[in-house]
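The primary structure of each chain is shown beneath.
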Amino acid sequence: MELLNDQGLRLDGRKPDELRLIKCKLGIFTHTDGSAFVEQGNTKVIAVVYGPHEVRNVHRAKTSADGAFVNCQYSMAAFSMSERKKRNRGDRKSTEATIHLHQTLAAVIRTELMPKSQIDVFIEVLQSDGGNFAASVNAATLALIDAGIPLREYVIACTASLGTGNVPMVDISNLEESLGGPTLTVAVLPRSSQIALVEMSQRFHLDFLEPVLKMAMKGCDYTFKVLDMAVESYLSEIGKPNNWGQA
Amino acid sequence: MAGLDREDIGDKSVSASFRLASDRISLLTPCEHPELYTPGQDIGPETGLLRGHGTYQDNGRIKASVAGVLEHVNKLIMIRPLKSRYNGEIGDVVVGRITEIQQKRWRVDANARLDAVLLLSSVNLPGGELRRRSVEDERMMRQYLSEGDLISAEVQNVFSEGTMSLHTRNLKYGKLSQGVLVTVPAPLIKRSKTHFHTICGISLIIGTNGYIWLYPTPKSTEEGAGGFARNLELRVEPREREAIARMQCCINALAESRMMVYDTSLVAAFEVANKFSVKELLKPEVKLEIVMLTQHMMGLNC
Amino acid sequence: MVRLSPEEKIYIIHGVEDNIREDGRSQTQYRPIEVETGIIPSAMGSARVKLGNTDVIACVKADTFTPTWNKPDEGKLQLHVDLSATASPWFEGRRGEQTSEEITTILNKAYESIKLESFCIVPQVKCWLVDVDISVLSCDGNMYDAIGFAVKAALATTMVPKIVASEEDEGEKELQITDDPFDTWTPNVSNIPCLVTLSKVGDSVMVDATNKEEQCSSFTCILAVTETGKILSTFKVGPGSVQPVTFSKLILEASSIGRSLHSELLSALKKENGLRKREIHGFLN
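Residues numbered from 1 in each chain as written. Chains lettered and ligands numbered in written order. Predicted model: local features only at pLDDT ≥ 70, side-chain atom pairs only at ≥ 80, totals over all residues. Heavy atoms only, no water.

Looking up chain B in an unreviewed UniProt entry gives the name Ribosomal RNA-processing protein 4, with the organism given as Nezara viridula. UniProt, in the comment section headed Subcellular location (unreviewed entry), describes chain B in these words: "Nucleus". In its Sequence similarities (unreviewed entry) section, the UniProt record describing chain B reads: "Belongs to the RRP4 family." (UniProt positions renumbered as here; feature names shortened; annotations may be inferred.)

Going by the annotation in an unreviewed UniProt entry, the name recorded for chain A is Putative exosome complex component RRP41, with Nezara viridula given as the source organism. The record held by UniProt for chain A lists under Function (unreviewed entry) the comment "Non-catalytic component of the RNA exosome complex which has 3'->5' exoribonuclease activity and participates in a multitude of cellular RNA processing and degradation events." The Sequence similarities (unreviewed entry) field of the UniProt record for chain A holds the comment "Belongs to the RNase PH family."

A. Seen up close, the UniProt feature "domain: K Homology" (unreviewed entry) in chain B. As annotated by UniProt and renumbered to match this structure, "domain: K Homology" (unreviewed entry) occupies residues 179-217 of chain B. Across residues 179-217 of chain B, helical content stands at 0% and strand content at 49%; the span's end C-alpha atoms are separated by 10 Å. (Helix = DSSP H or I, 4+ residues; strand = E, 2+ residues; numbered from the N terminus.)

B. Region of the structure containing the packing of aromatic side chains. For the structure shown, the criterion picks out 10 aromatic pairs over all chains. When the ring of Phe219(C) is compared with that of Phe247(C), the centres are 6.3 Å apart and the planes differ by 90°; the resulting orientation is edge-to-face. In this pair, Phe219(C) is assigned in strand β13 (residues 219-225) and Phe247(C) in helix α5 (residues 244-274), connecting sequence segments 28 residues apart. We classify Phe247(C) as partly exposed; its relative accessible area is 27%. Just above the ring of Tyr11(C) sits the side chain of Arg241(B); from NZ or CZ to the centre is 4.3 Å. (Phe/Tyr/Trp six-rings, centres within 6.5 Å; stacked < 30°, edge-to-face > 60°. Buried < 20%, exposed > 50% of the residue type's maximum accessible area, 1.4 Å probe, protein only. Lys NZ or Arg CZ within 6 Å of the ring centre and 35° of its normal.)

C. Representation of the packing of helix α2 (residues 93-110) of chain C against helix α3 (residues 143-156) of chain C in the model. Residue and element names in this part refer to chain C. Across the interface, α2 lies against α3 with an axial gap of 12 Å and an inter-helix angle of 55°. Classified by the angle between their axes, α2 and α3 sit oblique to one another. Where α2 crosses over α3, the handedness of that crossing is right-handed. Residues Ile-103, Ile-106 and Leu-107 of α2 form the contact with α3, whose own contacting residues are Met-143, Tyr-144 and Ile-147. Partitioned by chemical class, the residues of the contact of α2 with α3 number six nonpolar, no polar and no charged. (Axes fitted to C-alpha atoms, helices over the stretch in contact; angles between N-to-C directions. Parallel < 35°, antiparallel > 145°, perpendicular 65-115°, else oblique. Left-handed = near helix turned anticlockwise from the far one by under 90°. Contact = heavy atoms within 4.5 Å. Nonpolar A, V, L, I, M, F, W, Y, C, P; charged D, E, K, R; others polar.)

D. Here's a closer look at a nonpolar patch on the surface. Together, Met1(A), Leu11(A), Leu175(A) and Leu179(A) line one region of the surface with nonpolar side chains, adding up to about 400 Å² of accessible area. Along the chain, the position of Leu11(A) falls in the segment before β1 (22-26). (Patch = residues over 30% accessible without salt bridge, like charges linked within 9 Å, V, L, I, M, F, W, Y side chains within 5 Å. Areas by Shrake-Rupley, 256 points an atom, 1.4 Å probe, with all protein chains shown as cover. Salt bridge = Lys/Arg side-chain N within 4 Å of Asp/Glu carboxyl O.)

E. Here's a closer look at the pattern of salt bridges. Summed over the entire model, instances satisfying the criterion amount to 48 salt bridges over all chains. Between Arg80(B) and Glu71(B) there is a salt bridge whose closest N-O contact spans 2.9 Å. Given a relative accessible area of 34%, Arg80(B) falls into the partly exposed group. Given the relative accessible area of 10%, Glu71(B) is considered buried. Residues joined in a network through salt bridges with shared partners are Arg10(A), Asp12(A), Arg14(A), Arg20(A), Asp129(A), Asp171(A) and Glu176(A).

F. Seen up close, the pairing of β13(C). Residues and elements named next belong to chain C. Among the seven residues that make up β13, seven are buried, leaving the element largely enclosed by the rest of the structure. Taking every second residue as pointing to the same face, both faces of β13 are buried, with Phe-219, Cys-221, Leu-223 and Val-225 on one and Thr-220, Ile-222 and Ala-224 on the other. Pairing geometry for strand β11 (residues 194-201) and β13, over seven bridges, is antiparallel. Looking at β13, one finds that Cys-194 is bridged to Val-225. Pairing analysis gives six bridges linking β13 to strand β14 (residues 231-237), with the strands arranged antiparallel. Paired with Leu-223 across the two strands is Thr-234, which belongs to β14. In this structure, the hairpin formed by β13 and β14 is closed by a connection of five residues, where Gly-229 is found at a positive phi of approximately 90°. (Pairing = 2+ DSSP bridges.)

G. Region of interest: the interface of chain A and chain C. Taken together, the 32 residues of chain A in the interface contact 33 residues of chain C. Taken together, the two surfaces of chain A and chain C that pack against each other cover about 2,600 Å², and 57% of this comes from carbon and sulfur. Sorting the residues of chain A by area buried against chain C places Phe79(A), Arg84(A) and Arg89(A) first, and these three jointly supply 29% of that buried surface. In this structure, the connection of chain A to chain C is made through zero salt bridges. At the junction of chain A with chain C, the criterion picks out 11 residue pairs in polar contact (both at pLDDT 80 or more). Among the elements that take part in the side of chain A that touches chain C, strand β5 (residues 117-127) of chain A stands out by supplying five residues, more than any other. Taken together, the residues of the side of chain A that touches chain C sort by class into 13 nonpolar, nine polar and 10 charged. (Buried area = accessible area lost by both parts, 1.4 Å probe. Polar contact = N/O pair within 3.5 Å; in protein donor to acceptor, adjacent residues only side chain to side chain.)

H. Broad picture of the UniProt feature "domain: Exoribonuclease phosphorolytic" (unreviewed entry) in chain A. UniProt records the feature "domain: Exoribonuclease phosphorolytic" (unreviewed entry) at residues 18-150 and 154-219 of chain A, using the numbering of this structure. The span residues 154-219 of chain A is 30% helix and 39% strand, and its two end C-alpha atoms sit 14 Å from each other.

I. Here's a closer look at the confidence of the model for chain B. All names here are of chain B. When pLDDT is averaged along chain B, the result is 86; 87% of the residues meet or exceed 70. Note on residues 1-11: pLDDT is under 50 here. Beyond four places in sequence and across chains, it has 12 contacts. Model confidence for the complex is summarised by a pTM of 0.94, with the ipTM given as 0.92. (pLDDT = per-residue confidence, 0-100.)

J. Inspection of the nonpolar core at higher detail. In this structure, Leu105(A), Ile109(A), Ile119(A) and Leu144(A) are the most contacted members of the largest nonpolar core, which totals 71 residues. Counting residues per element, this core draws most heavily on helix α4 (residues 206-239) of chain A, at 12 residues. When sequence neighbours within four positions are dropped, the list of residues in contact with Ile119(A) reads Val49(A), Tyr50(A), Pro52(A), Ala68(A), Phe69(A), Val70(A), Asn71(A), Ile109(A), Met114(A), Leu144(A) and Ile149(A). By size, the runner-up hydrophobic cluster in this structure holds 70 residues, among which are Ala62(C), Ala146(C), Phe149(C) and Leu155(C). (Core = buried A, V, L, I, M, F, W, Y, C linked by side-chain atoms within 4.5 Å.)

Here it is, written out as structure tokens:
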């Protein structure tokens, strides 16, 4: 199977610079401070935010007068992949994703405004089809916005890779990832064009790094526009009945 | 205990209704909106403007840090997030739950970023003995308020990192007795002159922090909402229970549809809810009808 | 979870006894239940059940295994529960994993005695091992009942690819998964039970306890009830005890409640199946 056929189309019929359909919803749970659901193609992710709140006993040692302590957990449901997972969390891949998630969110959460408190961000991947971590970052951003936690700005992530003939492709699916070469995941602050995280699944030749990075960043820009519209639509729904908090 | 009574069992028919996702009813609809700002969005140049909550300064520009509507108060600009934890202000009336007993103070969960404190010296206790420095402090304190107890109190002070200090130095505040606690997002509560209400036969304390306490109206004026005695013998009458359940349903319906929760909206919602039997109140279509008729009665329409 | 004051508990207890619970329900009334199947398309079968604010997803995946000598023509059904941290920060990390394991053990015992001859492909050679993974996304009491509904709904709409046995020269059977994606079989769920949790609060017995009500229960019993009202297994959770006479009453009640629940669930699934163009709502709209 070729990643790009002779018409230049991918295995699922997309063009190299075309992202999968993005659907999202904020405020899916009522028992949390913030929550969001993001679907990118077949990848489905839930993000939930608790806080800011008093630091819980288990984490008491991490209370800081400088700012809030951000506690993340990345977990994949046992049914999320075609091969059943025995362990949802605490395995190497999830632990690594948790650390990366923490790093990415720390770039935008204005923790200095919430000293001595704790913010929990929990991710549950319900269906995995490539770009799981990227979708998780996007869902986490939406959940943080839903919770009203002050952010410098959005943090959006996207994947990119190289197709047949060294053509950069954006938003890599599971099949493309398993067949193809290295996948690059980039997390970006779209309004200030800053990069918060870059992760590569394998080695990349230096010559190709720039075009693939550019493709990923374009993907982030597009994703940002979609998510920002969703936030505005959600705000209009929850704001009108109370006149947007104004007297 | 009587023996197996078959007629008894036959009487109790279980009521369970399974709905499909396609029958879902939403209490929210997209509407027109004023200009909305989202995190990172540029608001304007720094000069001549005072930045308030929900904004930050970056390279000479003011940017939004939460999603919401921009508010101007003279030169002060701020953005209020539609959902957030409670930000206490001095003088607010709150309802809270004791989480911990510490040296000469209790820690209280009041739906805020940090637990509030209730100092032993901020509490009216019978007799002055407790003011003495005594080793038995914690035991004595536990007699009055222990973990899990609910209180109504006023915000006396707010410390720099955001911790509130509460006081119950007024007869109307103190430990809460039998009743139901309902939680709504704090931004849906209006600050008003009074937070103690009696609506349609039952009493409410609408905490500015989003914790609302529903309780049967005390029979005699001597039993205030305050005091520290435990009242486990009282048996609330069915009529009052129904009213409390109905009011709880109204509060939840208003909160789910993001309407402000205060005495006027609750009175209107309760009136609408009266036409339903108390067992129907959880049905989504009943909630929708309560919300729509209440909005209509109050002249709010999308 | 949330700690209640003694007065709040007394209010709840008296309310159950007077048949007017905190939210107005009667002792035998369930909160509104929503069921949607097929929400995880990559699984062979899936269902999401919302019972009040309790939210669970069950997913079915089937694989083959060689049966043991003492059960040569029966398949296996294994359940696994994961309490997601999205339900509560209490379920984060190792603590959540441990609590999930405890619940998984109880669940598997409840489903242990189901006869699974229909899961046999070739006796003594190959049978189906059906794994059901359950994720609890939100919990406001009565988790077991919700899981029971989700498992049944997921299994009832599962499509497992058929395996055909063909005769080989030496008489050895060769098993092949069919190439046709529409050539599937759906398990017969008539002997899959529903879980009915009954709680004794004060002097009365009630169904579908919320988190708060669970804290006021002096005795909680989970019963696996079949479509015909037979009791497959019973479990008591937590501290507390009851008189034998009360326990017998509980069993009879559970039997009739279970029968009603099965019929309501099955008719909802039938209605869902009959919808012409069904889009998956899931967490959107």
